[in-house]
Amino acid sequence: MRPTQVRLGEMPGRKPYPQNEWWGSHGVTHQKGIIQYSLSPVRQRACKNMIQNYIFNGYRRLSAQFAYWIVPVAIGFGTYTWAKRYDTYINSKEAHVAGHAHS
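The numbers attached to residues start from 1 for each chain and follow its sequence in the written order. Where local features are concerned, this predicted model is filtered to residues with pLDDT of at least 70; where side-chain atom pairs are given and counted, the filter is 80 or more; whole-chain, interface and lining totals use all residues. Think of the side-chain values as coming from all heavy atoms in the structure, minus any hydrogens and water.

Caption draft 1: Layout of the overall build of the chain. Under the DSSP-based scheme used, a helix requires at least four consecutive residues in state H or I and a strand at least two consecutive residues in state E, with every element numbered from the N terminus. Secondary structure summary: the chain contains 3 helices and 0 strands in total. Listed by position from the N terminus, the elements making up the chain come as α-α-α. Think of it in three bands: with a 1.4 Å probe and only protein chains considered, a residue is buried below 20% of the maximum accessible area for its type, exposed above 50%, and partly exposed in between. Expressed as a percentage of its 103 residues, the buried residues of the chain come to 4%. Counting only carbon and sulfur atoms, one obtains 60% of the accessible surface of the chain, whose full area is about 10,500 Å². The protein chains shown are the only cover counted for residues, whose accessible areas, like all others here, come from Shrake-Rupley with a 1.4 Å probe.

If you want it as structure tokens, here you go:
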């Protein structure tokens, strides 16, 4: 098996324009007809309509998840209100008279 021959002086791979050197070489003729367009970062509006899109899209996404979070919230709120009422009763005079007070 023959070892790979070292290539010096040029980038590996196929040259895009065989008549010229690799991009960036100073001895080449300038390419004609190559146009590159870009948009200035100042003109890109990343936050355009952000609030309006959040109101409509956020409402749609939250309403789709309503069934998944309302059940745990209802169970937690029910447990909280029951515990507050029970604690109020246990610490009241009525519970002490009835013999239900904690020891």
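There is more to say after this.
Caption draft 2: Structural view of the UniProt feature "transmembrane region" (unreviewed entry) in the chain. UniProt positions are given in the numbering used here, feature names are shortened, and annotations may be inferred rather than shown by experiment. Sequence positions flagged by UniProt for "transmembrane region" (unreviewed entry) are, in local numbering, residues 66-83. Counted over residues 66-83, helix gives 100% and strand 0%. Its end C-alpha atoms are 26 Å apart.

Caption draft 3: Representation of unusual backbone geometry in the model. One non-glycine residue with positive phi stands out, namely N49, at about 60°. Exposure remark for N49: the relative accessible area of 41% places this residue in the partly exposed category.

Caption draft 4: Fine view of the packing of aromatic side chains. Between the rings of Phe, Tyr and Trp (Trp by its six-membered ring), a pair exists once the centres lie within 6.5 Å; its type follows the angle of the planes, with under 30 degrees stacked, over 60 edge-to-face, and the other angles tilted. In total, this model carries 2 aromatic pairs according to the counting rule given. Aromatic pair W82 and Y86: ring centres 5.5 Å apart, planes at 15°, arrangement stacked. Here Y86 and W82 lie together in helix 2 (residues 66-90), a separation of 4 residues that amounts to about one turn. Looking at W82, the relative accessible area reads 53%, which means it is exposed.

Caption draft 5: Local environment of a nonpolar patch on the surface. Among the surface-exposed residues, M50, I51, Y54, I55, F56 and L62 lie close enough to one another that they form a single nonpolar patch of about 730 Å² accessible area. As for its placement among the helices and strands, F56 is situated in helix 1 (residues 50-64). Here F56 falls in the exposed class, since its relative accessible area comes to 58%. Any residue with relative accessible area above 30% and no salt bridge may belong to a patch, with like charges joined within 9 Å and the nonpolar Val, Leu, Ile, Met, Phe, Trp and Tyr side chains within 5 Å. The salt bridge definition used is simple: a Lys or Arg side-chain nitrogen within 4 Å of an Asp or Glu carboxyl oxygen.

Caption draft 6: Focus on helix 1. Helix span is expected to be 1.5 Å times the residue number reduced by one. Taking 1.5 Å of rise per residue, the 15 residues of helix 1 would be expected to cover 21 Å, and the 20 Å separating its terminal C-alpha atoms lies within 8% of that figure. The element helix 1 is largely exposed, with a buried count of 1 among its 15 residues.

Caption draft 7: Main features of the confidence of the model for the chain. Confidence in the prediction for the chain averages 77 pLDDT; 67% of positions are at 70 or higher. When pLDDT is averaged over each helix and strand of the chain, the minimum, 87, is found for helix 3 (residues 93-98) and the maximum, 94, for helix 2. Within a predicted model, pLDDT stands for the predictor's per-residue confidence, ranging from 0 to 100.

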